[in-house]
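# Summary of structural features
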Amino acid sequence: MSKEMMKQLLQSDDLLVGISELSKMTDVSPRQLRYWEEKGYIDSLQQDGGNRKYRLPIVLKVELIKRFLDEGYTLGTAVEKATAQQKSFHEAKQLLRQVFKGIQTVEDRYTVLQLADFDCEGQLFLVKDEASGQVTFQVGKPNDTIETLNLNGN
């Protein structure tokens, strides 16, 4: 995935899914989704012909509500917890959008996330070794790139 595509995904919530797709993705019935919308827990965009379309943040919120319901919470509490967690996700997305420089797979083994320059006059690289599942980090110099990292030394 290119750096530009990743930034676009971080900046856009324009993904739209219909009620049938949302139901299949989250295992929540269309009837229940309509009820949640009627109660104001979620919202949709009304398209021509009255078809409901849901944006990406609502897809995530429905998944969170479902998870909290499955854990035994009441619908009201599940919605409150989902709303709070959704706010945290939004804040994390804003932060990542601000510092994201690139992501790359190296040697079909390492996934490397490059973050912007920090006050320490360097860059932060998060490295996941897909073979072991271990995640480490490296602090590089301002001009370092993913290609200049010593990944085998992690």
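That block above? That's the structure.
Please read all numbers here as calculations on a predicted model, not as lab measurements.

Rules of the game
- Residue indices begin from 1 for each chain and proceed along its sequence in written order.
- In keeping with the model being predicted, local features are shown solely for residues with a pLDDT of at least 70 and side-chain atom pairs are shown and tallied solely at 80 or more, while totals for entire chains, interfaces and linings include all residues.
- The basis for every side-chain value is the complete set of non-hydrogen atoms in the structure, without hydrogens or water.
- To get an axis, a line is fitted to the C-alpha atoms, and for a helix only the part in contact is used. The angle between two axes follows their N-to-C directions and goes from 0 to 180 degrees.
- Numbering of helices and strands starts at the N terminus; helices are DSSP runs of H or I of at least 4 residues and strands are runs of E of at least 2.
- By definition in this entry, angles of less than 35 degrees are roughly parallel, angles greater than 145 are roughly antiparallel, angles of 65 to 115 are roughly perpendicular, and the rest are oblique.
- Handedness of a crossing is defined here by the sense of rotation of the near helix relative to the far one, left-handed for an anticlockwise turn of less than a right angle and right-handed for a clockwise turn.
- Contacts are residue-level and defined by heavy atoms, with any inter-residue pair within 4.5 Å sufficient.
- In this classification, Asp, Glu, Lys and Arg are treated as charged, Ala, Val, Leu, Ile, Met, Phe, Trp, Tyr, Cys and Pro as nonpolar, and every other residue, Gly included, as polar.
- Here, the term nonpolar core denotes a set of buried Ala, Val, Leu, Ile, Met, Phe, Trp, Tyr and Cys residues that are joined through side-chain atoms within 4.5 Å.
- Burial classification: accessible surface area is computed with a 1.4 Å probe over protein chains only, and a residue below 20% of its type maximum counts as buried, one above 50% as exposed, and the rest as partly exposed.
- Relevant arc is that of directions from the helix axis to the C-beta atoms, nothing else.
- Patch definition: residues with relative accessible area over 30% and no salt bridge; like charges joined within 9 Å; nonpolar side chains (Val, Leu, Ile, Met, Phe, Trp, Tyr) joined within 5 Å.
- Only the protein chains shown count as cover for residues, and all accessible areas are computed by the Shrake-Rupley method using a 1.4 Å probe.
- Whenever Lys or Arg places a side-chain nitrogen within 4 Å of a carboxyl oxygen from Asp or Glu, that contact is recorded as a salt bridge.

### A closer look at the packing of helix α2 (residues 19-26) against helix α4 (residues 56-70)
As a packed pair, α2 and α4 sit with axes 10 Å apart at the nearest point and diverge in direction by 40°. Taken together, α2 and α4 sit at an angle that is classed as oblique. By crossing handedness, the relation of α2 to α4 is classed as right-handed. Between α2 and α4, the residues in contact are Leu-22, Met-25 and Thr-26 and Val-59, Val-62, Glu-63 and Lys-66, respectively. Partitioned by chemical class, the residues of the contact of α2 with α4 number 4 nonpolar, 1 polar and 2 charged.

### Observations concerning the nonpolar core
Formed by 17 residues in total, the largest nonpolar core has its most connected members in Leu-22, Leu-33, Trp-36, Ile-42, Tyr-54, Val-62 and Ile-65. Those elements that place two or more of their residues in this core are α2, α3 (30-38), α4 and α5 (75-99). When residues in this core are grouped by element, the largest group, 6 residues, is from α4. Excluding anything up to four places from it in sequence, Ile-42 contacts Leu-33, Trp-36, Glu-37, Tyr-54, Ile-58, Lys-61, Val-62 and Ile-65.

### Description of α2
Taken residue by residue, α2 has Ile-19, Leu-22, Ser-23 and Thr-26 as its buried positions. Relative to the axis of α2, the buried residues are bounded by an arc of 100° and lie together on one face. Residues of α2 that are buried make contact with β1 (16-18), α3, β3 (52-55) and α4. Taken from the residues just after α2, Asp-27 is the one with a positive phi, measuring 60°.

### Things to note about the environment of Val-135
Structurally, Val-135 can be placed in strand β7 (residues 135-140). Linking Val-135 and Val-112, residues 23 residues apart in sequence, is a C-alpha distance of 9.7 Å. Excluding residues within four positions of it along the chain, Val-135 makes contact with Val-127 and Lys-128.

### Comments concerning a nonpolar patch on the surface
A cluster of nonpolar side chains, Leu-126, Phe-137 and Val-139, forms an exposed patch at the surface whose accessible area comes to about 300 Å². For Phe-137, the location among the structural elements is in strand β7.

### Considering unusual backbone geometry
Unlike most non-glycine residues, Asp-27 shows phi in positive territory, near 60°. Mapped onto the elements of the fold, Asp-27 is located in the loop between α2 and α3. At Glu-107, a residue that is not glycine, the phi angle is positive and equals roughly 55°. With respect to the helices and strands, Glu-107 occurs in the loop between β4 (100-106) and β5 (110-118). A relative accessible area of 56% means that Glu-107 is categorised as exposed.

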